[in-house]
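So you can see what is in the structure, the chains are spelled out below.
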Amino acid sequence: MTAVVPLSRHLSTAKKLQVLVSSLQKPAYIPQNSAFSEDLCCGILDKNPDINTLKKLHSKIFIDQNFHSNPSLSIKLMRSYAVCRKPECARHIFDEISNKNVVFFNVMIRSYMNNQLYSDALLLFKSMSAYGTSPDNYTYPCVLKACSGSENLRLGSQIHALVIQVGLDSNLFIGNGLIAMYGKCSFLIEARRIFNEMPRRDVVSYNSLVAGFAQNGLFDNSLDVCREMDLLGLKSDAGTMASLSPAVSNTSRENVSFVEKMFSNLTKKNLVSYNVMISVYVNNSMSSKAIDLFLAMEGDKIEPDSVTFASVLPACGDLSALLVGRKIHEFVERKNLLPNLALENALMDMYAKCGSLIDSRKVFDEMQFRDVVSWTSMISAYGMNGQGRDAVSLFKKMTDSGLTPDSIAFVTVLSACSHAGLLEEGRFFLKLMSEKYSINSRIEHFACMVDLLGRSGKVEEAYTFIKKMPIEPNERVWGALLSACRVYSNMEIGIVAADSLFKLVPEQCGYYVLLSNIYAKACKWEDVTKVRHIMKSKGIKKVPGISSFELNGQVHTFLACDKSHPRSGEIYEELDVLVGKMKEMGYVPEKDFALHDVEEEEKEFHLAVHSEKLAIVFGILSTEPGTMIRITKNLRICGDCHVAMKLISQISKREIVVRDTNRFHHFRDGICSCGDYW
């Protein structure tokens, strides 16, 4: 094989190279032989030329007998064609070579592998023996990658046996390839065994094992491997973060902190590491941190991609950060990133969660292609906003389009029926799911049906439905029944539901509060006191209501009785004025929703300063007249606040959108979109 001499040894300046490149761009001009040398050809090929330049250079090499059979140039040409995603051209060169050695096979196998043509790579590997060529320590890692890419466990296992036979099983790169292959093929015990038996490991070894666990959805196991690295003083890199990406999910706060530490300690942060960190925050309900990190990318001069946007948009939806979401949408359109199904679904969901149904539908209507997720997101948007009949109509359009609804689509349409009180439609869909689509009812479907029956006032039937369920009811099922018992004052069944919940989730404060409210409505004050005493003895505290309002891209949060905001004085003063006007319109505070262990006059004060009222008053003070006010609350809106919002919308002549844990409420001219059914 002809040795490749570095170009710098022959060219004192870049002048000759520039002449040749210029000539290649002008086919009519052919350079003199003195300018066209092997070193110049190698110099151009080493710079990864574009496909047009490459083809012109190849034609010159082909017609020059001195270069046509040069093995070094042939190898470089093959590599360059592979980089240009033209492996078929590389194969043409490969086939013309009469004396193929292992290097040619390695280059061709890698060309196929790098272009995701795994079957071609493996077929070529199998043909090596026919040419009398044996694989070497460079062949096996590449072939193992092809096995990983095609999840060909059978051939991967055969290669494993072969490398043991030829004594290459202790090779670092082959070991890394085996770990990756077994991990991708879900043979994690074997991957771990190979890892443990390796005489030497590097960062890639650990990253390969991390990826193996992550690709199988075992996020916490992936992090355990990262901790092993940390304990050994081996610094994780951007590749480690990238390896985590397939399995990012909900995890412990301790694990989130560990990933944060990994991210902050990276010597160089790249786009993938940012995407993983944002995804970790979003999946663990740390939406504010996700948005902050997204905004910090600009400082690191890293341009977000479609994955970044699809990852951060749910955080915008969670916080009702509509302005940030709109800016992302504008950027996406400016960068021509659409059509992109995942991104369009994320945009649609973001607008829906921000209560902007018109924008959500606009994205949906403009999509060139829609999958079941797209339709389900739009159906869910209608359901959350109380437009159950539109949700049902859209479900029918989806099935008419030829798409087959999945289990989640049925959960969504059943939930939409529940929010709108469409009992008969809900019964129809539950029956349709099993009879036409052969989808077995899961706990989510049963929970929706219990919720629908309960909201419709059929508490007894909902309880009977639970008793007949073929699977054990969970927290969501009993919680739906308990909520219905509070609304319809069914203390007897409410106690049964509460007892079941206390066994399932003994530390969940919300259910104690619901039971306490049921007793309070029945004037069972002794029982109210008992529930409060149980909560106190167990150290269970009521989750404070938190409401947020976005202003100029900044999210302002409020607690009940909150006076920490810089404009608290103005807020409370304006609230007093509003309450006065509301009382003139006949408003009477619904004291059932106040604390039961305070005096009557204190109850009225506590109701007046619920977090959503403070947030709305701040919104009124901070925006132009007529501007829509959007509020997000972490708990279900209480009955008193619901009445108050209707009146405030009438007094302020504003549309007020409140998103609580259950749904959206659009208050306009004293009327709520939920029809007082929530």
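So, here is what we can say about the structure in this document.

**Comments concerning the layout of surface pockets**
Rolled over the atoms, a probe as big as a water molecule pinpoints where empty space is left.
Item 1. Roughly 710 Å³ of internal volume is contained in the second largest pocket.
Item 2. Every residue lining the second largest pocket is counted, 27 residues in all, and those nearest its centre are K145, N176, A180, V204 and S208.
Item 3. Looking at the lining of the second largest pocket, the elements with two or more residues in it are α9 (139-150), α11 (172-184), α13 (203-215) and α15 (238-244).
Item 4. Considering only residue class, the lining of the second largest pocket consists of 11 nonpolar, 12 polar and 4 charged.

**As for the pairing of strand β3 (residues 629-633)**
Item 1. Of all 5 residues in β3, 5 are buried; the element is thus mostly enclosed.
Item 2. Two elements, strand β1 (residues 546-551) and β3, share 3 bridges in a ladder whose sense is antiparallel. The partner of F549 across the bridge, within β3, is I631.
Item 3. Both β3 and strand β4 (residues 656-659) contribute to a ladder of 4 bridges, which runs parallel. Within the sheet, the bridge partner assigned to I629 lies in β4 and is I656.
Item 4. In terms of handedness, the path from β3 via helix α36 (residues 639-652) over to β4 forms a crossover that is right-handed.

**Regarding the pattern of salt bridges**
Item 1. Considering all chains together, one arrives at 24 salt bridges under this definition.
Item 2. A salt bridge links D640 to K613; its shortest N-O distance comes to 2.9 Å. Within this pair, whereas D640 is found in helix α36, its partner K613 is found in helix α35 (residues 611-622), the two being separated by 27 residues in sequence.
Item 3. Exposure remark for D640: the relative accessible area of 0% places this residue in the buried category.
Item 4. Notably, a salt bridge pairs R668 with E655, separated by 2.9 Å at the nearest N-O pair. Within this pair, whereas R668 is found in strand β5 (residues 664-668), its partner E655 is found in the loop between α36 and β4, the two being separated by 13 residues in sequence.
Item 5. Overall, the relative accessible area of 44% leaves R668 in the partly exposed class.

**Regarding the packing of aromatic side chains**
Item 1. Applying the stated criterion across every chain, the model contains 17 aromatic pairs.
Item 2. Aromatic side chains Y463 and W478 sit 6.5 Å apart centroid to centroid with 50° between the ring planes, which places their arrangement in the tilted category. Taken together, the residues Y463 in helix α28 (residues 459-467) and W478 in helix α29 (residues 475-487) connect sequence positions 15 residues apart.
Item 3. A residue is classified by how much of its surface remains accessible, and Y463, at 18% relative accessible area, is buried.
Item 4. Overall, W478 belongs to the buried group, its relative accessible area being 10%.
Item 5. Over the ring of F364 we find R370; its NZ or CZ atom is 4.4 Å from the centre of that ring.

**With respect to the nonpolar core**
Item 1. Grouped together as the largest cluster of nonpolar side chains are 175 residues, with contacts concentrated most on I159, I328, F395, F410, F429 and L481.
Item 2. Looking at this core element by element, the count peaks at 9 residues for helix α31 (residues 509-521).
Item 3. For F395, the residues in contact, after removing those within four places along its chain, are I379, P405, A409, F410, V413, F429 and L432.
Item 4. By size, the runner-up hydrophobic cluster in this structure holds 31 residues, among which are L578, M582, V658 and F667.

**A word on the pairing of β4**
Item 1. Residues I656 and V658 point to one face of β4 and V657 and R659 to the other, with burial holding for every one of them.
Item 2. Looking at chain direction, β4 and β5 are connected through 4 bridges and run antiparallel. Paired with R659 across the two strands is F664, which belongs to β5.
Item 3. Two successive antiparallel strands, β4 and β5, enclose a turn made up of 4 residues.

**Structural notes on α11**
Item 1. Taking 1.5 Å per residue, 13 residues should reach 18 Å; α11 reaches 18 Å between its end C-alpha atoms and fits that length.
Item 2. Within α11, burial applies to L172, I174, G175, N176, G177, L178, I179, M181, Y182 and G183.
Item 3. Summarising the contacts, the buried residues of α11 are in contact with α9, α10 (153-165), α12 (188-197) and α13.
Item 4. Two or three places before F173, at the opening of α11, N171 has a side-chain oxygen 2.9 Å from that residue's backbone nitrogen.
Item 5. Immediately downstream of α11, the backbone of S186 shows phi near 70°, a positive value.

**Looking at unusual backbone geometry**
Item 1. Of the consecutive residues L338 and P339, the connecting peptide bond is found in the cis state with omega at 5°.
Item 2. Checked against the element boundaries, P339 lands in the loop between α20 (322-334) and α21 (341-353).
Item 3. Even without a glycine there, the phi angle at E151 is positive, about 50°.
Item 4. Relative to the helices and strands, E151 resides in the loop between α9 and α10.
Item 5. Here E151 falls in the partly exposed class, since its relative accessible area comes to 49%.
Item 6. If you check the backbone angles, S320 has positive phi at about 55° while not being a glycine.

The rules behind these values
Residues numbered from 1 in each chain as written. Predicted model: local features only at pLDDT ≥ 70, side-chain atom pairs only at ≥ 80, totals over all residues. Heavy atoms only, no water. 1 Å grid on protein atoms, 1.4 Å probe; cavity = no way out; pocket = protein on both sides within 12 Å on 5 of 7 lines; lining within 4 Å. Points joined across faces, edges and corners; volume = space filled by probe spheres on them. Helix = DSSP H or I, 4+ residues; strand = E, 2+ residues; numbered from the N terminus. Nonpolar A, V, L, I, M, F, W, Y, C, P; charged D, E, K, R; others polar. Buried < 20%, exposed > 50% of the residue type's maximum accessible area, 1.4 Å probe, protein only. Pairing = 2+ DSSP bridges. Right-handed = clockwise from strand over helix to strand, strands pointing away. Salt bridge = Lys/Arg side-chain N within 4 Å of Asp/Glu carboxyl O. Phe/Tyr/Trp six-rings, centres within 6.5 Å; stacked < 30°, edge-to-face > 60°. Lys NZ or Arg CZ within 6 Å of the ring centre and 35° of its normal. Core = buried A, V, L, I, M, F, W, Y, C linked by side-chain atoms within 4.5 Å. Contact = heavy atoms within 4.5 Å. Expected span 1.5 Å × (residues − 1). Polar contact = N/O pair within 3.5 Å; in protein donor to acceptor, adjacent residues only side chain to side chain.

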